[in-house]
Protein chains: 2
Amino acid sequence: MSVSLKDVADAAGVSIATASRVLNNSRKVTPDTAQRVRAVAKSLGYVLNPLGKALRQGDSDVVGVIVPVISNPFYSALVQCLELEVEKCGYKCLIADSLGELDIEEDRMRTLSSRRVRGIFVVPAYFDLSANIVKEISAQIPVIQVDRRVSDEYAAPFVGIDNEDGIAKLLAHLKGQGVKTATYVGADNRTSAGRERRSALEQLAPKYGIQLTAHVLNRFLFSFGFEAVSTILSRGELPDALIGADDLIATGLLAGLAEHNLMVPRDVVVTGFDGTLLSEVSVPRLTCIKQPLEQIAEAAVAALESQRLRPGQHNWSTTVKGTLQIGGSTARSS
Amino acid sequence: MSVSLKDVADAAGVSIATASRVLNNSRKVTPDTAQRVRAVAKSLGYVLNPLGKALRQGDSDVVGVIVPVISNPFYSALVQCLELEVEKCGYKCLIADSLGELDIEEDRMRTLSSRRVRGIFVVPAYFDLSANIVKEISAQIPVIQVDRRVSDEYAAPFVGIDNEDGIAKLLAHLKGQGVKTATYVGADNRTSAGRERRSALEQLAPKYGIQLTAHVLNRFLFSFGFEAVSTILSRGELPDALIGADDLIATGLLAGLAEHNLMVPRDVVVTGFDGTLLSEVSVPRLTCIKQPLEQIAEAAVAALESQRLRPGQHNWSTTVKGTLQIGGSTARSS
DNA sequence: CTGAAAGCGCTTACAG
DNA sequence: CTGAAAGCGCTTACAG
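Conventions and cut-offs
- Residues numbered from 1 in each chain as written.
- Chains lettered and ligands numbered in written order.
- Predicted model: local features only at pLDDT ≥ 70, side-chain atom pairs only at ≥ 80, totals over all residues.
- Heavy atoms only, no water.
- Helix = DSSP H or I, 4+ residues; strand = E, 2+ residues; numbered from the N terminus.
- Buried < 20%, exposed > 50% of the residue type's maximum accessible area, 1.4 Å probe, protein only.
- Contact = heavy atoms within 4.5 Å.
- Areas by Shrake-Rupley, 256 points an atom, 1.4 Å probe, with all protein chains shown as cover.
- Lys, Arg positive; Asp, Glu negative; His and termini not counted.
- Charge placed at Lys NZ, Arg CZ, Asp CG, Glu CD.
- Near = heavy atom within 4 Å.
- Polar contact = N/O pair within 3.5 Å; in protein donor to acceptor, adjacent residues only side chain to side chain.
- Nonpolar A, V, L, I, M, F, W, Y, C, P; charged D, E, K, R; others polar.
- Domains from an automatic or database assignment.
- Pairing = 2+ DSSP bridges.
- Right-handed = clockwise from strand over helix to strand, strands pointing away.
- Phe/Tyr/Trp six-rings, centres within 6.5 Å; stacked < 30°, edge-to-face > 60°.
- Lys NZ or Arg CZ within 6 Å of the ring centre and 35° of its normal.
- Axes fitted to C-alpha atoms, helices over the stretch in contact; angles between N-to-C directions.

For chain A, the name recorded in an unreviewed UniProt entry is LacI family transcriptional regulator, with Winkia neuii as its organism.

Have a look at this one:
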């Protein structure tokens, strides 16, 4: 049905080897012949079949991307940035999600690996449980952990935000707004992001003169933030600030507070983390740490390339710093 | 490096033909032999290389999905549903976005086609400009248009929401809330969704006793909704309702109104379309038409299968009806 | 029931 | 500079 390299070669009166060389600019070919082949290829509408190429070379031009949930605005934005960056290298992206479940994650990684992708970007579902699969696949093809990492530091390189720096910026801002007490509505220990943000907060809050009441912990979900409001209210007094572990939780908090007729920032200020669409869409806008996604994507692609060139070095990581994005949700002084 | 079918066959003392048959359950093989092959395959950690299979069969187990922008919550949700449904058939998804640009869309479709995917789901970027490429690729492999369609009704089957029905439900609800005047903050004629929603509104509003002021039209963007508020205010009187063409525009309206210290629903009611995460996250929640994504995904996959079985019939479509999701943004009677 | 062989489309040593 | 040939991993008529 579709035209193959052989068709082109025949029509041009050359061997398929020559045709291949012309179309890949791989070796010097008589200009005359080259031109003829190119013309024929064009007129016949030849398009390379990447399957044959990949099979032969044991290596495709596809890169895999695995995120927990593609419909989480943070991940859909991350995926888009990664895709853009990957395409600059002339590769294509195969995108998949793990739904945050270990067995799906394993399936995705094995499938991609068997397809001989050039490499995999993965946001591991779990800090500890995902370590094995990341390490296993990482031994076969280049794997880069993005946004989250697994417990085993020799599993694969990591690229992501500096959570501690982000939390520090948030605390400095809150302090400037006169915040004295805060409650962390955060993520549990399942993921590295959850761990790092929580421990940074615990460590740094005292330095900014902010007193933390008991955390409310769960997963990165809007519904969790929404419900957390009731939990906190049932305790009695509301703190000056509610610190959400990400934008999803934070917008959940905004919605929950509205449900209880509490005004933000008048009654309590709220912060998020990520700087997703949600933070811009919410009313009031969410103060949060904006992740430099382009930069992360760029670093991730660079990491993958470096991993391809000299494999075996897995215990390194790249962190980038986020920026404080100030919204109305913490405009306490006004 | 990785173990191939030949390795398995050798280790099991059979031909690769037999090994292949066992692993595919394709023909009767002596139970004894079959068991042995299976055992060997397992112990060697054999995993099929889909490249070889696809090359041989001229057909892979991959399905392509092309949406305009993956970071639009509606499309990321759609992609997730499609992926889930596609996997039920044992296929994998190759996801890509066109950024709403024709040349990228063309590149994506051609690339997928050259990879011999089993079929493509596409949300065409343009109503008229995308017609050619959809038709071209549709002649090669099964293509299903989802959510939007192109002008040429013989291009490819379509699966999506019944926009007219959705608009009617919205109008009925608004009428019940005592709305007499409304402004449509909508999408232009670039896409079929934009066209259909607008023309349905123009046609149906009078029947519900709702008077439309001049439309404000542009693309499906949060920023457009946000800015549209100024445009409308500069005209003078605010209508009873602002009807956003989708949730992105509608939440933009909410944010824009808040910026002008206008209260929703007190000063004006607002509606959206799609029922994305944004509609739930916004404060107040957005009244809108919720798209039955699971149902759409199911129908789309069924359409693809039917297209594979008997190709050539392109001029049919499946529409599903959305449901009215009532939020605080139209709670006028309260 | 099983195997030897062809062939999907491609690239790349190896000769010339 | 160019071509004949091997081979990537797989499936499937074709014989037996």
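Once you've had a look at it, read on.
Observations regarding the overall build of chain A
Tallying secondary structure elements over chain A gives 13 helices and 13 strands in all. Viewed in the frame of its principal axes, chain A has a C-alpha envelope of about 85 × 35 × 30 Å. Counting every position in chain A, which comprises 334 residues, the buried fraction comes to 56%. Within chain A, contacts between residues at least 6 apart in sequence are counted, and of these 72% link residues at least 24 apart. Per element, the accessible surface of chain A, about 13900 Å² overall, is 51% carbon and sulfur. Taken together, the 36 basic and 37 acidic charged side chains of chain A have centroids lying 7 Å from each other.

Regarding the protein's contact with DNA strand C
Near DNA strand C there are 28 residues, and of these A:L5, A:Y46, A:R56, B:T18 and B:T30 occur at the shortest range. What you see for DNA strand C is that sugar and phosphate hold 62% of its atoms within 4 Å of the protein. Measuring from a phosphate oxygen of DNA strand C, one finds a backbone N or O atom of A:L5 at 2.4 Å. One of the side-chain N or O atoms of A:Y46 is found 2.4 Å from a phosphate oxygen in DNA strand C. Among the elements of the structure, α2 (16-24) and α4 (50-57) of chain A together with α2 (16-24) and α4 (50-57) of chain B are those that each provide at least two residues to the surface near DNA strand C. Residues that form the surface near DNA strand C fall into these classes: ten nonpolar, ten polar and eight charged.

Points about the domain arrangement of chain A
For chain A, the assigned domains read domain 1 (5-48), domain 2 (62-160 + 293-320) and domain 3 (163-291). The distance between the C-alpha centroids of domain 1 of chain A and domain 2 of chain A comes to 37 Å.

Focus on the pairing of strand β10 (residues 269-274) of chain A
Residue and element names in this part refer to chain A. For β10, the buried fraction is high: six of the six residues fall into the buried class. Relative to β10, strand β9 (residues 241-244) runs parallel, the two sharing three bridges. If you follow I243 over to β10, its bridge partner there is T271. Crossover connection from β9 via helix α11 (residues 247-259) to parallel β10: handedness right-handed.

Here's the deal with the packing of aromatic side chains
All names here are of chain A. According to the stated counting rule, one finds four aromatic pairs over all chains in the structure shown. Here F74 and Y75 contribute two aromatic rings whose centre-to-centre distance is 5.1 Å and whose plane-to-plane angle is 65°, an arrangement assigned as edge-to-face. For Y75, a relative accessible area of 5% puts it in the buried group. When the ring centre of F273 is taken as origin, the NZ or CZ atom of R197, which lies over that ring, is 3.9 Å away.

Some details on the sheet that holds strand β4 (residues 143-146) of chain A
Residue and element names in this part refer to chain A. With parallel pairing, the six strands of this open sheet are ordered in space as β2-β1-β3-β4-β5-β12. Unpaired on one side and paired on the other, β2 (92-97) and β12 (317-320) mark the two borders of the sheet. For this sheet, the mean inter-axis angle between neighbouring strands, taken without regard to orientation, is 20°. With four bridges connecting them, strand β5 (residues 158-161) and β12 associate as parallel partners. Of the residues in β12, the one forming a bridge with V159 is T318.

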